[in-house]
Amino acid sequence: MQPYPCLSGFTSTMTQRRINTQIITQTGGQIGTRFELPPLFAAVRQKQRYSIDTLPPEVKAPFPSEPIIPIRTKTVRQFQEDVEKATASGEWKDVREFYLITFDSFLELNAAFKREANSPFNTTEDSGLNSKFISAVYDALLHTPQDIQKSVLKGIINSLLREWKGPRTKDDLRAYFILLQNPQYSSTATYVIYAHLLRQIASLSEADHHFLVHWLKKLSQRRFRQLVERLLQFISTRLFPAVPEDLPPSSKCLWWIPSATKVLGFLNAANSISSPPILSYTDFYNITLDHIDIMGEYRTWQYHGNSSKFSFCQFPFILSAAVKKAIIQKDSEQQMISIARQSLVDKVSRRQRVDMNLLFLNIRVRRTQLLSDSLDELSRKKAELKKKLRVTFVGEAGLDMGGLTKEWFLLLVRQIFQMDYGMFMYLKESNCHWFSSWKCDNLSEFRLVGTLMGLAVYNSIALDIHFPPCCYKKLLTPPIMPCDQNTLVGMATLTLDDLQQVMPDLAHGLQELLSYDGDVEEDFYLAFQVFQEELGVVKSYNLKPGGDKIPVTKVNRREYVQLYVDFLLNKSIYKQFAAFYYGFHSVCASDALLLLRPEEVEVLVCGSLDLDMSALQREVQYEGYCRTDATIRYFWEVVLAFPMELQRKLLHFATGSDRIPVGGMAHLNFKISKIDVSTDWLPISHTCFNQICLPPYKSRKELKNKLTIAISNAEGFGLE
């Protein structure tokens, strides 16, 4: 017996009503017989990241006149007292009547929860609703008797049936906003109702969506998180139902997932325009999508763009970094397979011997000339960069099974980021590197660094490099490499917050300038001019034409700060960064880059900061030891008790990086080997193979002491 017997009738009624009325879609009010969700972007086929925040702050939509809302006087406190009395006495009459009336219609929802029943509240900044009252009503709902919960669902069904046709008023929009927060939708038994609610919300006008996004960002973090998690669970359950019989056949519910994903998009937009964000961007990932045919989704998106053909790639915020990495790799592989196949066909047609080395990017370098040889090899083999990388050190025997490739990356990074080499400045205050503005005599070296980063992504190598977040914003400006070499690249719109992550002291000084209450011109005596020291010589640069003669005043100081930030992070290093940009995109050129956030590019290049030593313990391989040996037990007891700082040092000691690859510890291939030497020895690491060699220490104390010394004194790559 179904918990909510009214659902089957609701489904058939809604289906029949859609057939009879030939649903009016968003696209100009035209009549259509589609059963799928209306197009996400009417007549738009460009591949671009979805953003709801494209309208002006206040959108004046043609809303019909508002009906008169009945006056309801019950307060939050009175409702809570009613619930407390009912819980104690078992008499739920007053509470039952409240829920029955409140959820009977959109009008009654507004009557109960609108702060002033017949005030318009036509602003994006204030929904006009008593959020505390809404939370109290929903928090109590799941603890009421079943008949009350069923009456609420029945009222929602009737409201959705009644409100399906016609234009929406602001009060209708408020009602949708209230219903979306209902916690009953966590149960699969309510999914049919939930799906129809999501469909109606997804089909609202763009102006309505704009208001809804701004109202959503006003929710508490707890309530906001609940909405996100409920939608993610709905999508996962529809894709992979635990009990398929609990849900209607997928063939009859093709609109469920597009509707839910679009509504989740409104929550993501609300999160993006909040400062700081309400949730981490990773909280929108749906890990279930790691197990679908993601390349099929990607191809659909490539061919159809943001048209009516749904693809998860239209909503990249829902795809994890691991999925996006897989898309980039497979897309690049398919591009290179096509090129390699043509090369093989050409060889065969000319009756030439086929060399299987055609399938690899073969790099041969001398250790003594590592940088110059690498630069020469990559310059000569630009057309082969998307092949699988294979490295050979001249004069050394051995086949590259991954260790030589990683060693090549580690050695190159160490050399390139040395202070005396001059390509990058190490900024101790922010613990990161930045481009030297004066080092532009050999731009090919900056291109090499970009190429290295691209190869690292493509070959699943985490690099121990420390660029600030704005570097990755610039790498995605634009995300697709332009065909016209005269097009500006890397010129991202950056702010004082971005400068704070590179040069915090300077950013603090500029912030003080902006907030200064005195006479800016007299007290600071600044002009629209910047001074930089280059090789011991101080040079001046005007921030705008004639800038040396334009004083900074209280009126123009914001312009001065913005031009200053733009000069430091964009214009002064343009040539260096452009070379770096083209190097990266020469390997990773793919439509898949449109799916990435700057933070995700950093994770793909450097690995993730989410360190879980318990997960590493589950994935580790042993050589000469087994997991029950005393030394191994001591090792994990010590490591799991380490503070996070020492755990990161251990990972850096063993792998050359304090981050883990995208996809988790399983992709690290971490190994602990036995080394038969005196226990006076310290542990040894082979970073090229992610391996630690442990002598057979006899006590936990001895192992902790020796391991702490080893990891605390190991040389790092790329930093002082």
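Going by the annotation in an unreviewed UniProt entry, the name recorded for the chain is HECT-type E3 ubiquitin transferase, with Denticeps clupeoides given as the source organism. Recorded under Catalytic activity (unreviewed entry), the UniProt text for the chain is reproduced unchanged: "S-ubiquitinyl-[E2 ubiquitin-conjugating enzyme]-L-cysteine + [acceptor protein]-L-lysine = [E2 ubiquitin-conjugating enzyme]-L-cysteine + N(6)-ubiquitinyl-[acceptor protein]-L-lysine."

> Which parts of the structure should I look at to understand the overall build of the chain?
Scanning the chain from terminus to terminus reveals 27 helices and ten strands. When the 720 residues of the chain are sorted by exposure, 52% land in the buried category. Contacts in the chain between residues far apart in sequence, at least 24 positions, make up 73% of those at least 6 positions apart. By element, 53% of the accessible surface of the chain is carried by carbon and sulfur atoms, the whole surface being about 33,700 Å².

> When you look at the side chain of Gln532 in this model, what are you seeing that I'm missing?
Structurally, Gln532 is set in strand β5 (residues 529-534). Judged by its relative accessible area of 15%, Gln532 is buried. In this structure, Gln532 is in contact with Ser437, Val537, Val538, Lys539, Tyr541, Phe567, Leu568 and Ser572, ignoring residues within four places of it in sequence.

> Which parts of the structure should I look at to understand helix α11 (residues 256-272)?
Three or four residues apart is the spacing at which side chains of an α-helix point the same way, because the helix has 3.6 residues per turn. Over its 17 residues, α11 runs 24 Å from end to end, which matches the ideal 24 Å to within 8%, given 1.5 Å per residue. Counted residue by residue, α11 has 16 buried out of 17 residues, so it is predominantly covered.

> Is there a simple way to think about the nonpolar core in this case?
One recurring pattern in soluble globular proteins is that nonpolar side chains are buried together. Of all hydrophobic cores here, the largest spans 177 residues; its most connected members are Tyr99, Leu216 and Trp408. The contact partners of Tyr99, leaving out residues within four places of it in the chain, are Phe79, Val137, Ala140, Leu141, Thr144, Ile148 and Val152. Of all hydrophobic cores here, the second largest spans 30 residues; its members include Ile632, Trp636, Leu694 and Ile711.

> Please explain helix α14 (residues 370-380) as it appears in this structure.
Buried within α14 are the following residues: Leu370, Leu371, Asp373, Ser374, Leu375, Glu377 and Leu378. Those residues of α14 hidden inside the fold are in contact with β1 (360-365), β2 (388-393), α15 (403-416) and α16 (443-458).

> Would you explain the UniProt feature "active site" (unreviewed entry) in the chain in this entry?
This chain's UniProt record puts "active site" (unreviewed entry) on Cys688. With respect to the secondary-structure elements, Cys688 resides in the loop between β9 (684-686) and β10 (691-694). What makes Cys688 buried here is its relative accessible area of 17%. Setting aside its immediate chain neighbours within four residues, Cys688 contacts Gly402, Gly403, Lys406 and Glu407.

> Is there a simple way to explain the packing of aromatic side chains in this structure?
Each pair of aromatic rings is reported with the distance of its centres and the angle of its planes. This model, assessed by the stated rule, comprises 42 aromatic pairs. Summarising the aromatic geometry, the rings of Tyr516 and Phe524 are spaced 5.0 Å apart at their centres and angled 85° between planes, so their arrangement reads as edge-to-face. What makes Phe524 partly exposed here is its relative accessible area of 31%. Through a chain of ring-to-ring contacts, the aromatic side chains of Phe417, Phe424, Trp434, Phe435, Phe446, Phe467, Phe577 and Phe580 assemble into a single cluster. In this arrangement the basic side chain of Arg367 is found over the ring face of Phe393, its NZ or CZ atom lying 4.0 Å from the centre. Here the guanidinium or amino end of Arg390 rests over the ring plane of Phe360, the centre of that ring lying 4.1 Å away.

> Looking at this structure, I do not really get the pattern of salt bridges. What am I missing?
Tallied over the entire structure, the rule returns 29 salt bridges. Of the charged contacts, one joins Glu84 and Arg77 as a salt bridge, the two residues approaching to 3.9 Å between their closest N and O atoms. Relative accessible area serves as the criterion here: at 44%, Arg77 is assigned to the partly exposed category. In this structure, Lys549 engages Asp548 in a salt bridge whose closest nitrogen and oxygen atoms are separated by 3.5 Å. Residue Asp548 is classed as partly exposed on the basis of its relative accessible area, which comes to 35%. Bridged by salt links that share partners, the residues Arg77, Glu81 and Glu84 form one connected network.

> Explain a nonpolar patch on the surface to me, please; I cannot follow it from the model alone.
Residues Val348, Val354, Met356 and Leu359 make up a contiguous nonpolar surface patch of roughly 330 Å² in combined accessible area. The residue Leu359 is located in the loop between α13 (321-349) and β1 in this model. A relative accessible area of 35% places Leu359 in the partly exposed class.

> Just checking my understanding: could you explain unusual backbone geometry for this structure?
Most peptide bonds take the trans form, and the phi angle of most residues other than glycine is negative. Residue Pro276 follows Ser275 across a cis peptide bond; omega there is -5°. With an omega of -5°, the peptide bond between Thr477 and Pro478 qualifies as cis. For Pro478, the location among the structural elements is in the loop between α17 (469-475) and α18 (496-500). Although it is not a glycine, Ser460 adopts a positive phi angle of roughly 60°. Secondary-structure assignment places Ser460 in the loop between α16 and α17. One non-glycine residue, Tyr525, lies in positive phi territory at about 50°. Tracing the backbone through its elements, the reader meets Tyr525 in the loop between α20 (520-524) and β5.

Thresholds applied
- Residues numbered from 1 in each chain as written.
- Predicted model: local features only at pLDDT ≥ 70, side-chain atom pairs only at ≥ 80, totals over all residues.
- Heavy atoms only, no water.
- UniProt positions renumbered as here; feature names shortened; annotations may be inferred.
- Helix = DSSP H or I, 4+ residues; strand = E, 2+ residues; numbered from the N terminus.
- Buried < 20%, exposed > 50% of the residue type's maximum accessible area, 1.4 Å probe, protein only.
- Contact = heavy atoms within 4.5 Å.
- Areas by Shrake-Rupley, 256 points an atom, 1.4 Å probe, with all protein chains shown as cover.
- Expected span 1.5 Å × (residues − 1).
- Core = buried A, V, L, I, M, F, W, Y, C linked by side-chain atoms within 4.5 Å.
- Phe/Tyr/Trp six-rings, centres within 6.5 Å; stacked < 30°, edge-to-face > 60°.
- Lys NZ or Arg CZ within 6 Å of the ring centre and 35° of its normal.
- Salt bridge = Lys/Arg side-chain N within 4 Å of Asp/Glu carboxyl O.
- Patch = residues over 30% accessible without salt bridge, like charges linked within 9 Å, V, L, I, M, F, W, Y side chains within 5 Å.

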